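# Close look at the chain arrangement
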Amino acid sequence: MLSNNTISLVKSTIPLLSNAGTAVTAHFYDRMFTHNPELKDIFNMSNQQSGKQHFALFNALAAYATHIDNLPVLAAAVERINHKHASLNIQPHHYDIVGTHLIETLKELAPNEFTPDIEQAWRDAYALLADVFITQEEGIYKTTESKQGGWRNTRTFVINEIVQESVKVKSFHLRSADNKPVVGFQAGQYISVHVKPKGCDNTQIRQYSLSGVQQDKGYRISVKKQGLVSGHMHSLNVGDVVELSPPAGDFMLQQTNSPKVLISAGVGITPMMAMLESIAASKSDVKTQFLHACIDSTEHSFANRVNALTSSTPNIQADVWYEQGPSQYHQGRIDLTPLTLPLTNGEFYLCGPTPFMAAMKAQLLSLGVAPARILYEVFGPHESL
Ligand code: HEM
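Residues numbered from 1 in each chain as written. Predicted model: local features only at pLDDT ≥ 70, side-chain atom pairs only at ≥ 80, totals over all residues. Heavy atoms only, no water.

Going by the annotation in an unreviewed UniProt entry, the name recorded for the protein is nitric oxide dioxygenase, with Pseudoalteromonas citrea given as the source organism. One UniProt comment on the protein, placed under Function (unreviewed entry), says "Is involved in NO detoxification in an aerobic process, termed nitric oxide dioxygenase (NOD) reaction that utilizes O(2) and NAD(P)H to convert NO to nitrate, which protects the bacterium from various noxious nitrogen compounds. Therefore, plays a central role in the inducible response to nitrosative stress." (UniProt positions renumbered as here; feature names shortened; annotations may be inferred.)

Printed below as a string of structure tokens:
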């Protein structure tokens, strides 16, 4: 329990944290990677270079300070972070490291505002938050490990098939190296791949949505070639091995009878494929609309599979938009307005570039869809839409 005085001291630092510009966040990460270079094996160093991840931590702490007297408001955000952390195998001692560098950064860069009283208040508040995170993350580790085929940290998988799905996307079929069963997942969840790309001094971890149906001894992911780790994945061959963390993530197909609308763009199609396959395999009669946008035919992944599923499954219907080039599909960008959608009782799942999801969410809200019916997954550091 935090005292009222601690709460009000922490709240007084909201402007300091929410206005933490690049100077503060860069100082924090530089400090942390200088003193604890082993963390370069956990953080996405490409995001560090682009500055993307810099703000997620400080924004989260500002949100914590804002809602410190009403923490249930943050439950969904905390759960999302816990899944991401669990997929990265974050451990209790890491919280001490991050906490130390946070406090020292604020002391060094804002000595007048970050007084000894405020420092103590933040030490107490951070300890409480870290405790919540550590407990919830241990809960995820334990639950996953105890399930049939589950494991903790990483496990070795062999690539046993590679399929080119479109010009930039390859699917990797991964089988457990010990040839034993693997834990199940919910359609929409991701796994982390741990690799050391050529020329890179550190292990790099990336999350990829599972794109296929549940299999006994393996998983399928589908990767777009666009950066350091995906470039490395695209250079691998059948027979090569990768290390994986178990499935995690809070973006999942809800097990309800509500109609489903799966809306994706580009490689955002990957969790939607898992959802579509899972709906088709379940033989349920839940009405499902699959709406997908891509640049053109060369970037259209899984076209044949989606066509096969719509032909064989009467409750699944698909619409596709090509942004450019001649096409048998819709042309231009997705416009939801003329479609017949389950606006009052449907569940809407979004995945794709953030501007695309923001546009889809805005269209859905203007059509009267309740915000709680719109679920989405962001690839990369989480941004709200
Ligand atoms: C991701 C918050 C502690 C490592 C994130 C994200 C947030 C966050 C908001 C983005 C989540 C998303 O993209 O969905 C926090 C808070 C912490 C904390 C509030 C303390 C209470 C830690 C610790 C570590 C860590 C102790 C490990 C040393 C990471 C990593 C990512 C991440 C590696 C993924 C992004 C990247 O690779 O750059 N965290 N975090 N975090 N966090 Fe934490």
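On we go.
## What to know about the layout of surface pockets
Volume-wise, the second largest pocket comes out at about 240 Å³. Considering every element that reaches the lining of the second largest pocket, the biggest residue donor is helix α8 (residues 116–146), with 4 residues. Of the residues in the lining of the second largest pocket, the class split is 6 nonpolar, 7 polar and 1 charged. Viewed by domain, the lining of the second largest pocket spans two of them, domain 1 (4–146) and domain 2 (155–248), each represented by three or more residues. (1 Å grid on protein atoms, 1.4 Å probe; cavity = no way out; pocket = protein on both sides within 12 Å on 5 of 7 lines; lining within 4 Å. Points joined across faces, edges and corners; volume = space filled by probe spheres on them. Helix = DSSP H or I, 4+ residues; strand = E, 2+ residues; numbered from the N terminus. Nonpolar A, V, L, I, M, F, W, Y, C, P; charged D, E, K, R; others polar. Domains from an automatic or database assignment.)

## A few points about the side chain of R220
Relative to the helices and strands, R220 is located in strand β5 (residues 218–224). Of note is the side chain of R220, whose polar atom sits 2.6 Å from the backbone oxygen of S211. Excluding anything up to four places from it in sequence, R220 contacts E165, S171, F172, H173, S209, L210, S211, G212, M273 and F302. (Polar contact = N/O pair within 3.5 Å; in protein donor to acceptor, adjacent residues only side chain to side chain. Contact = heavy atoms within 4.5 Å.)

## Some points on empty space enclosed by the protein
Here the structure, examined in full by the defined rule, presents 2 cavities of 30 Å³ or more. In this model, the largest cavity occupies a volume close to 90 Å³. Lining the largest cavity are 13 residues; nearest its centre among them are A86, I140, Y141, T144 and P246. Those elements that provide at least two residues to the lining of the largest cavity are α6 (75–87) and α8. In terms of residues, the lining of the largest cavity owes the most to one element, α8, which gives 3 residues. Both domains that furnish three or more residues to the lining of the largest cavity are identified here as domain 1 (4–146) and domain 2 (155–248).

## Examining the coordination of the iron atom of the ligand
In an ideal tetrahedron of four donors about a metal, each angle is 109.5 degrees. In an ideal octahedron of six donors, the angles are 90 or 180 degrees. Only one protein atom coordinates the iron atom of the ligand: H85 (NE2), located 2.2 Å from the metal. For H85, the position within the fold is in helix α6. (Donors = N, O, S within 2.8 Å, 3.2 Å for Na, K, Ca; no water.)

## Concerning the nonpolar core
Soluble, globular proteins show a tendency: their nonpolar side chains are buried together. Of all hydrophobic cores here, the largest spans 46 residues; its most connected members are L17, M32, F43 and W122. Only α1 (4–11), α2 (14–18), α3 (22–35), α5 (54–66), α6, α7 (92–109) and α8 provide two or more residues apiece to this core. Of the residues forming this core, the biggest block, 10 residues, is contributed by α8. Residues contacting W122, with those up to four places away along its chain left out, are V10, T13, L17, L61, Y64, A65, I103 and F114. Residues I159, F185, V195 and V229 belong to the second largest nonpolar core, which totals 21 residues. (Core = buried A, V, L, I, M, F, W, Y, C linked by side-chain atoms within 4.5 Å. Buried < 20%, exposed > 50% of the residue type's maximum accessible area, 1.4 Å probe, protein only.)

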